[in-house]
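Structure assessment
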Amino acid sequence: MAGLSLRHIYKKYPGGVVAVSDFNLEIKDKEFLIFVGPSGCGKSTTLRMIAGLEEISEGELYIGDRYVNDIAPKDRDIAMVFQNYALYPHMTVFDNMAFGLKLRKVPKEEIKRRVEEAARILDIAHLLERRPKALSGGQKQRVALGRAIVRNPKVFLLDEPLSNLDAKLRASMRTELTKLHKKVETTFIYVTHDQVEAMTMASRIVVMRDGLIQQVDTPQNLYDSPCNLFVAGFIGTPQMNFIHGKLIKRDTDLYAMFGTTEIKLPADKANNPALKEYIDQEVIFGIRPECIHDEPMYLSTFADATLKVNVDVTELMGAEIYLYLGFEGMEDATNGKNIIARVSSRSQAHSGDDIVVAVDASRIHIFDKDTEKCICH
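Being a predicted model, the structure only gives us computed values, none of them experimental. (Residues numbered from 1 in each chain as written. Predicted model: local features only at pLDDT ≥ 70, side-chain atom pairs only at ≥ 80, totals over all residues. Heavy atoms only, no water.)

Comments concerning the pattern of salt bridges
One side chain can pair with another of opposite charge once the charged atoms of both are near each other. Which entries qualify depends on this criterion: Here a salt bridge means any side-chain nitrogen of Lys or Arg lying within 4 Å of a carboxyl oxygen belonging to Asp or Glu. For each residue, the accessible area found with a 1.4 Å probe, counting protein chains only, is set against the maximum for its type, and the residue is called buried under 20%, exposed over 50%, and partly exposed in between.
Under the criterion given, the structure shown has 16 salt bridges. Here Arg48 makes a salt bridge to Glu54, at a shortest N to O gap of 3.7 Å. The exposure class of Arg48 is partly exposed, given its relative accessible area of 28%. One salt bridge connects Asp75 with Lys74, and the closest N-O pair in it is separated by 3.4 Å. Using a relative accessible area of 62% as the deciding quantity, one classes Lys74 as exposed.

What to know about the pairing of strand β16 (residues 306-316)
Note the threshold: Note on pairing: two strands pair once DSSP finds at least 2 bridges between them. Every helix listed is a DSSP run of H or I at least four residues long, and every strand listed is a run of E at least two residues long, numbered separately from the N terminus.
Where β16 lies against strand β19 (residues 354-359), five bridges are found, and the strand directions are antiparallel. If you follow Thr306 over to β19, its bridge partner there is Ala358. Here β16 runs beside strand β17 (residues 320-326); their pairing, made up of six bridges, is antiparallel. Along β17, the bridge assignment pairs Thr314 with Leu323. Connecting β16 to the next strand, β17, in antiparallel fashion are three residues, including Gly318 with a positive phi near 100 degrees.

So, the sheet that holds strand β6 (residues 78-81)
What holds strands together in a sheet is hydrogen bonding between their backbones, with the strands either parallel or antiparallel. Let me state the cut-off plainly: Here the axes come from fitting lines to C-alpha atoms, over the contacting stretch only for helices, and the angles between their N-to-C directions go from 0 to 180 degrees. What makes two residues a contact is simply this: any of their non-hydrogen atoms within 4.5 Å.
The strand order across the open sheet formed by six strands is β6-β7-β8-β3-β9-β10, and the pairing between neighbours is mixed. Each edge of the sheet is formed by a strand with only one pairing partner; in this case those strands are β6 and β10 (212-217). Between one strand axis and the next, the sheet turns through 15 degrees on average, direction left out of account. Here strand β3 (residues 32-36) runs beside strand β8 (residues 187-192); their pairing, made up of five bridges, is parallel. From the neighbouring strand, Phe32 faces β8, where its bridge partner is Phe188. Across the sheet, helix α4 (residues 137-149) lies against β6 and β7 (155-159), angled at about 175 degrees from β6, the strand it touches most. Contacting β3, β7 and β8, helix α5 (residues 167-184) crosses the sheet at an angle of about 160 degrees to β8.

Let's talk about the packing of aromatic side chains
Where we set the bar: Two rings belonging to Phe, Tyr or Trp (six-membered ring only in the last case) form a pair when the distance between their centres is within 6.5 Å. Interplanar angles under 30 degrees mark stacking, angles over 60 mark edge-to-face geometry, and anything in between is tilted. Here, over-ring charges are defined by two tests on the NZ atom of lysine or the CZ atom of arginine: distance to the ring centre within 6 Å, and angle to the ring normal within 35 degrees.
Summed over all chains, the structure comprises ten aromatic pairs. Summarising the aromatic geometry, the rings of Phe156 and Phe188 are spaced 4.8 Å apart at their centres and angled 40 degrees between planes, so their arrangement reads as tilted. Linking Phe156 in strand β7 with Phe188 in strand β8, this pair joins segments that are 32 residues apart in sequence. The class for Phe156 is buried, based on a relative accessible area of 2%. Among the aromatic side chains, those forming a connected cluster through ring pairs are Phe32, Phe156, Phe188 and Tyr190. Over the aromatic face of Tyr223 sits the side chain of Arg288, whose NZ or CZ is 3.9 Å from the ring centroid.

Purely spatial values, then, with no claim about function.
In structure tokens:
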């Protein structure tokens, strides 16, 4: 097993296109690391450079202590699982899983042992004589994983392996992949544009944008302490609300001001030295939907941080309701004229209602309007 070290990695294409820029990352042995970001951010390109399928333009790549920039993909001791499964249609499941081992001249008995063991782990032992056309999407995905497992590689590379599955199967396969990682105890590097996959499976997440690393951290730390506006908006469903406003100080108290509306900020934010230079300045306030409440108990608890709002749209999600809210004086928000509150299904709010909501001001994030960096969590 092995960790990886990516040192000042660049990928440049003809015409001056830079797909990945100055990528520096230490990946721990047996870690489940996920690259996440919007389409075109460079995450799959980075994975393909690790696999050896894309040439590294600049920088150094180590798998374990071995420098592998010039090592062929087949000699890097990695296994890759592709988005489209890449199974041979004329071969049985057994032969698909055994194919790489046969090429390496592994003895037949050893091949049989490895394939059967992987099939048992993935619960596909009863499918070994079938061909891919007789398999469901989830079964094909398991076969593709099995083909990787039998090789006992140092590193698993997975490029959006669940994107072709339906929502229900995708959710169950997330659980299966997490279990698989614990069973095989190997380094997993996984690419997805789905932040829910990243949050539920990763031990650490690498958030990418325009070929650059934005932040590397555990899922919970990314959620609680995003380093900038992009990460804050990308991680979380529904995404964080962003409202343009001003910081106002009166005596020792600090207020967030949106047009004519004010919210008193807690003492720890009022005393935060990082905010001093932003007094009377335009900033961006970030409020997660679950930090906006319409229940009476919260209205009394957060009496200094209430908003008079109009309910534009309600979305019943079963166990909870999303309220799309507008209020007078709001200059700008994530969804144009609306902010989103994620409230209990017991909520009595209906479209067109004028209601009062409370904001947990201790969970407000404050961002620099120009640099988009987080000033205060």
